[in-house]
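The chain contents come next:
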Amino acid sequence: MRKTVMAAALTAVFSTAAVAESPIGLVIHGGAGTIERANLSAEQEQAYHDGLRLALEQGYAVLQAGGSSIDAVVKAVTILEDNPLFNAGKGAVYTWDEQHELDASIMEGATRNAGAVAGVKHVKNPILLAQKVMTESVHVMLSGEGAGQFALEQGLEQVDNSYFNTEFRYEALKRMKAAQGSLPHQAAVAADPNWQMGTVGAVAIDRDGNLAAATSTGGMTGKRYGRIGDSPIIGSGNYADNSSCAVSATGHGEYFIRYQVASDICARVKYQGLSAQDAADTVIQQVLLPAGGTGGVILVDAAGKLGWSFNTPGMYRGMIGSQQPLTTAIFAED
Ligand code: ASP
């Protein structure tokens, strides 16, 4: 009898523990922009959903196995980098000089450690290099040749720059050059609503309540002269702080840098007491849009609430969490 009571009491304790288990979650994006149903075939749409789903499943498996949010975002972003559909890693856009220069960053919310790389040309997965900068160097950001040298020292997989080539990105560069080659870069971007953008990113919360954010991109089609966007800039395209939220951004980088989008969202959570969703909506819709900046963000807060916000017709995106079934979406109306 006593044994039964004890057993019942233990069960009660364990089930309370199970209910109280802290939430885990993962949100990803594959770029925002003029993504409209009319411009995507049913097969293309399906391929994007499949690519997002794979990254979510594999990244979430890391969290379910008790892995860290850093490992989960790295997993998800690596998968998106390897997918030629997205503008990061394989499938990165072309620079004006028909090369690929890649940017990436990562940040850990518990420690606010961060790593970033800009203008790298031969590292197959720039997010892995950003992570190495965070964990194996005394610096936060490495660029160009120095970043490449560091990648060699760290034994990361190297590829020829042509590995990143894809036909459809090359066509985009040719179209852009034909239409707007004579305009300065900023004017060219402003003049073309179909500007080829894109980036991939992930934010996550793990069982320990730690947040992380990771972002990786080829930048913007036809970018020139060593241009660096917001994606590798901590606070602009990527930010994580356990006391507020984790954010990964995509969009017209020059605006995201000037408006410090990712850290502005987290600051509003921290100092104004806004929910991460309200803070993101405010910055994306009421600050960025009137200024002329287009794009979006994904986010997770310290309580495990997942979200996104964007001011473009579409953003490739998806989420999964303890209380959130796996979902992927493309268009604003999805
Ligand atoms: N933010 C990226 C950049 O400006 C591009 C994008 O996300 O679409 O490099």
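Definitions and limits used
- Residues numbered from 1 in each chain as written.
- Predicted model: local features only at pLDDT ≥ 70, side-chain atom pairs only at ≥ 80, totals over all residues.
- Heavy atoms only, no water.
- Near = heavy atom within 4 Å.
- Polar contact = N/O pair within 3.5 Å; in protein donor to acceptor, adjacent residues only side chain to side chain.
- Nonpolar A, V, L, I, M, F, W, Y, C, P; charged D, E, K, R; others polar.
- Helix = DSSP H or I, 4+ residues; strand = E, 2+ residues; numbered from the N terminus.
- Buried < 20%, exposed > 50% of the residue type's maximum accessible area, 1.4 Å probe, protein only.
- Pairing = 2+ DSSP bridges.
- Axes fitted to C-alpha atoms, helices over the stretch in contact; angles between N-to-C directions.
- Core = buried A, V, L, I, M, F, W, Y, C linked by side-chain atoms within 4.5 Å.
- Expected span 1.5 Å × (residues − 1).
- Contact = heavy atoms within 4.5 Å.
- Patch = residues over 30% accessible without salt bridge, like charges linked within 9 Å, V, L, I, M, F, W, Y side chains within 5 Å.
- Areas by Shrake-Rupley, 256 points an atom, 1.4 Å probe, with all protein chains shown as cover.
- Salt bridge = Lys/Arg side-chain N within 4 Å of Asp/Glu carboxyl O.
- pLDDT = per-residue confidence, 0-100.
- Phe/Tyr/Trp six-rings, centres within 6.5 Å; stacked < 30°, edge-to-face > 60°.
- Lys NZ or Arg CZ within 6 Å of the ring centre and 35° of its normal.

- The protein chain appears in an unreviewed UniProt entry as Isoaspartyl peptidase/L-asparaginase from Alkalimonas delamerensis.

1. Digging into the site of the ligand
At step 1: Within the structure, the ligand sits among M197, G198, T199, G219, M220, R227, G229, D230, S231, T250, G251 and G253.
At step 2: Residue D230 places a side-chain N or O atom 2.6 Å away from a nitrogen atom belonging to the ligand.
At step 3: Between T250 and the ligand, the recorded distance is 2.8 Å, taken from a side-chain N or O atom to an oxygen atom.
At step 4: Looking at the shell around the ligand, its residues break down into two nonpolar, eight polar and two charged.

2. A few points about unusual backbone geometry
At step 1: The phi angle at Y225 is positive, at roughly 50 degrees, despite the residue not being glycine.
At step 2: When you line up the elements, Y225 lands in the loop between β6 (211-217) and β7 (238-240).
At step 3: One non-glycine residue with positive phi stands out, namely Q260, at about 45 degrees.
At step 4: For Q260, the location among the structural elements is in the loop between α8 (253-258) and α9 (261-272).
At step 5: Of the residues examined, Q260 reaches a relative accessible area of 31% and is grouped as partly exposed.

3. With respect to the sheet that holds strand β12 (residues 324-331)
Pairing between the strands of a sheet is mediated by backbone hydrogen bonds and can be parallel or antiparallel.
At step 1: In space, the eight strands of this open sheet follow the order β4-β3-β2-β6-β5-β1-β11-β12, with mixed pairing throughout. Each edge of the sheet is formed by a strand with only one pairing partner; in this case those strands are β4 (141-143) and β12. Between one strand axis and the next, the sheet turns through 5 degrees on average, direction left out of account.
At step 2: Sheet topology places strand β1 (residues 25-33) next to strand β5 (residues 200-205); five bridges connect them, and they run antiparallel.

4. Here's the deal with the nonpolar core
At step 1: Counting 50 residues, the largest nonpolar core has L26, I28, V73, I106, L129 and Y316 as its most contacted members.
At step 2: Broken down by element, the residue count for this core peaks at eight residues, all from helix α3 (residues 69-82).
At step 3: In terms of nonpolar packing, the next biggest core, distinct from the first, is built from 35 residues, M107, V261, C266 and M319 among them.

5. Structural notes on α3
At step 1: In this model, α3 (14 residues) spans 20 Å end to end at C-alpha, consistent with the 20 Å of a helix rising 1.5 Å per residue.
At step 2: Most of α3 sits inside the fold, with eleven of its 14 residues counted as buried.
At step 3: Listed as buried for α3 are S69, I70, A72, V73, V74, A76, V77, T78, I79, L80 and E81.
At step 4: Next to the buried residues of α3 lie β1, α2 (42-64), β2 (102-108), α4 (126-136), β5 and β6.

6. Describing the sheet that holds strand β8 (residues 245-251)
At step 1: Within the open sheet, the four strands sit side by side as β7-β8-β9-β10. Their pairing is antiparallel. Each of the sheet's edge strands pairs with one partner strand only, and the pair in question is β7 and β10 (306-310). Taking each pair of neighbouring strands and ignoring which way they run, the sheet shows an average axis angle of 10 degrees.
At step 2: Against the sheet, α9 touches β7, β8 and β9 (295-301), its axis set at about 145 degrees to β8.

7. So, a nonpolar patch on the surface
At step 1: Taken together, V140, M141 and I228 make up a surface patch of nonpolar side chains, about 230 Å² in accessible area.
At step 2: The topology assignment puts I228 in the loop between β6 and β7.

8. Observations regarding the confidence of the model for the protein chain
At step 1: Overall, the predicted model of the protein chain reaches an average pLDDT of 91, with 89% of residues at or above 70.
At step 2: A low-confidence stretch, residues 1-19 stays under pLDDT 50, and its non-local contacts, those more than four residues away or across chains, total zero contacts.

9. Concerning the pattern of salt bridges
Close approach of charged atoms allows side chains of opposite charge to pair.
At step 1: On inspection of all chains with the given rule, the structure shows eleven salt bridges.
At step 2: Taking the shortest distance from any N to any O, the salt bridge between E45 and R37 comes out at 3.9 Å.
At step 3: When the shortest N-O distance is used, the salt bridge between E57 and R53 registers 3.2 Å. With E57 and R53 both in helix α2 and four residues apart, the pair spans about one turn of that helix.

10. Considerations on the packing of aromatic side chains
At step 1: Overall, the coordinates contain five aromatic pairs when judged by the stated rule.
At step 2: Between the aromatic rings of Y48 and Y316, the centroid separation amounts to 4.1 Å while the plane-to-plane angle is 15 degrees, which identifies the pairing as stacked. Within this pair, whereas Y48 is found in helix α2, its partner Y316 is found in strand β11 (residues 314-321), the two being separated by 268 residues in sequence. The pair Y48 / Y316 is uniform in exposure class, with both members buried.
At step 3: Where F86 meets Y316, the ring centres are 6.1 Å apart and the plane angle is 80 degrees; that geometry is what we call edge-to-face. Residue F86 is located in the loop between α3 and β2, and its partner Y316 is located in strand β11; the two are separated by 230 residues in the primary sequence.
At step 4: On the basis of relative accessible area, F86 is assigned to the buried category, the value being 0%.
At step 5: Of the aromatic side chains, those joined through ring pairs into one cluster are Y48, F86 and Y316.
At step 6: Stacked on the ring of Y163, the Lys or Arg K90 has its end atom at 5.3 Å from the ring centre.
At step 7: We note R317 situated over the ring of W308; from NZ or CZ to the ring centre the distance is 5.0 Å.

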